[in-house]
Amino acid sequence: MTTALAHFSKLTLAAALGLAFAAGNANAAAPDWSKVPAKKITVFYPGASPLEWIMKGSEHGGAKGIKKGEQCIGCHEEEVADIGKKIASGARNEPRPIKGKAGSIPVQVQAAHDGANLYLRFTWKQPAGGGEKMDKDNPVKLAFMLEDHKVDLADQGGCWATCHGDARTMPDAKDEKKTKYVKDGSLASGKFYDLIQWTSKGKSHDGYVADKRVMEGGKGLVEAKGEQKGDTWTVTFTRKLAPGGEGDVTLVPGKAYNFGFAIHDDYTVGRFHQVSFGYILGLDTKGDIVAAKQ
């Protein structure tokens, strides 16, 4: 184990083991994960690649395909790690390269449900890192978003529709308070993302992204917990299928939803995370990730 990794473990292991956020039925029984298939999804470093850049044909060759309804992952699935490596190096879309920043992280994602709750499990090996500690309290944060095919471009780019060039930490941002948001988004129109986040410090959030990002108001999160063993992190979520809270997407077996997630590794904040492209989460139906009833 490297010195940096040993230091990382010393700081975070005690805080991460057994930490959980409970709301509602905290006695829900997690599935036998050894019997749940895992989908390998590589998250990557996106740098300064907001939606505006994605949709600019003179900068991004895939803009034309997206406008035709093609998914980002359809073109980039085999080159995710290469894209992240190039951006992390500063060769493209990153005016502020971070020393030691990993270009990508392969993550094993598992999903299941029991008719009342959705269970998600993320497992990955943490790269050594070594950059600036932007969030000194949280070496790692993991968030996922769900969307019910109502946000423009969500079917093509997953949660990329929430990422804009005027958000804080973007190179040309003027308003330091702006974070993720959906253009023309609102709870009333159904144009929003359900957002749940776990942090290694132990605090979890259940909110949404509409015209702005709100980190509370949801009633879906039953439990979020994480642990680190050596260089491996495992984070699990228990989330009600039909929470009925503000910004909660109701999940119905037999339907599929847009799904994406991000890992703020190595103490990072804002856009300096590792992100997934958009995927489809199916409950007892076809999807990139299938949550079958256990």
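Before reading on, note that the structure itself is shown above.
Values in this document were obtained by computation on a predicted structure and should not be read as measured data.

> What is the right way to read empty space enclosed by the protein from this model?
Rolled over the atoms, a probe as big as a water molecule pinpoints where empty space is left. In total, this model carries two cavities of 30 Å³ or more according to the counting rule given. Of the voids in this model, the largest cavity is the one considered here, and its volume is about 40 Å³. Grouping the constituent residues of the lining of the largest cavity by class yields seven nonpolar, one polar and no charged. Roughly 30 Å³ of volume is contained in the second largest cavity. Met 145, Leu 146, Glu 147, Gly 158, Cys 159, Tyr 193, Asn 258, Phe 259 and Gly 260 together form the lining of the second largest cavity. Within the residue set of the lining of the second largest cavity, elements represented by two or more residues are strand S5 (141–147) and strand S11 (256–264). When its residues are assigned to classes, the lining of the second largest cavity shows five nonpolar, three polar and one charged.

> I'm lost on helix H5 (residues 80–88) in this one. Help?
Since the α-helix turns once every 3.6 residues, residues separated by three or four places project in the same direction. Those residues of H5 not exposed but buried are Val 80, Gly 84, Ile 87 and Ala 88. For H5, the buried positions fall inside an angular range of 95° around the axis, keeping them on one side. Structural note: H5 exposes Asp 82 and Lys 85 on the side pointing more than 90 degrees away from its buried face. Lining the buried residues of H5 we find strand S2 (39–44) and helix H4 (72–76). Within two residues after H5, Gly 90 carries a phi angle of roughly 90°, on the positive side.

> Help me understand the packing of aromatic side chains in this model?
Aromatic rings in a pair are described by how distant their centres are and how their planes are angled relative to each other. One pass over the full model with this rule turns up 11 aromatic pairs. On the basis of an interplanar angle of 40° and a centroid distance of 6.3 Å, the ring pair of Phe 144 and Phe 259 is categorised as tilted. Linking Phe 144 in strand S5 with Phe 259 in strand S11, this pair joins segments that are 115 residues apart in sequence. Here Phe 144 and Phe 259 have matching classes, each one buried.

> Honestly, unusual backbone geometry in this entry has me stumped. Any pointers?
For residues that are not glycine, phi is negative in most cases, and the peptide bond is trans in most cases. With phi around 80°, Thr 169 is a residue other than glycine that occupies positive phi space. Assignment of secondary structure puts Thr 169 in the loop between helix H6 (154–157) and strand S6 (193–199). Taking relative accessible area as the criterion, Thr 169 reaches 23% and is therefore assigned partly exposed. Phi angles above zero are rare outside glycine, and Asp 284 is one such case at about 60°. Positionally, Asp 284 belongs in the loop between strand S13 (279–283) and strand S14 (289–293). Residue class for Asp 284 comes out partly exposed when judged on its relative accessible area of 39%.

Definitions and cut-offs
- Residues numbered from 1 in each chain as written.
- Predicted model: local features only at pLDDT ≥ 70, side-chain atom pairs only at ≥ 80, totals over all residues.
- Heavy atoms only, no water.
- 1 Å grid on protein atoms, 1.4 Å probe; cavity = no way out; pocket = protein on both sides within 12 Å on 5 of 7 lines; lining within 4 Å.
- Points joined across faces, edges and corners; volume = space filled by probe spheres on them.
- Nonpolar A, V, L, I, M, F, W, Y, C, P; charged D, E, K, R; others polar.
- Helix = DSSP H or I, 4+ residues; strand = E, 2+ residues; numbered from the N terminus.
- Buried < 20%, exposed > 50% of the residue type's maximum accessible area, 1.4 Å probe, protein only.
- Arc of directions from axis to C-beta.
- Contact = heavy atoms within 4.5 Å.
- Phe/Tyr/Trp six-rings, centres within 6.5 Å; stacked < 30°, edge-to-face > 60°.

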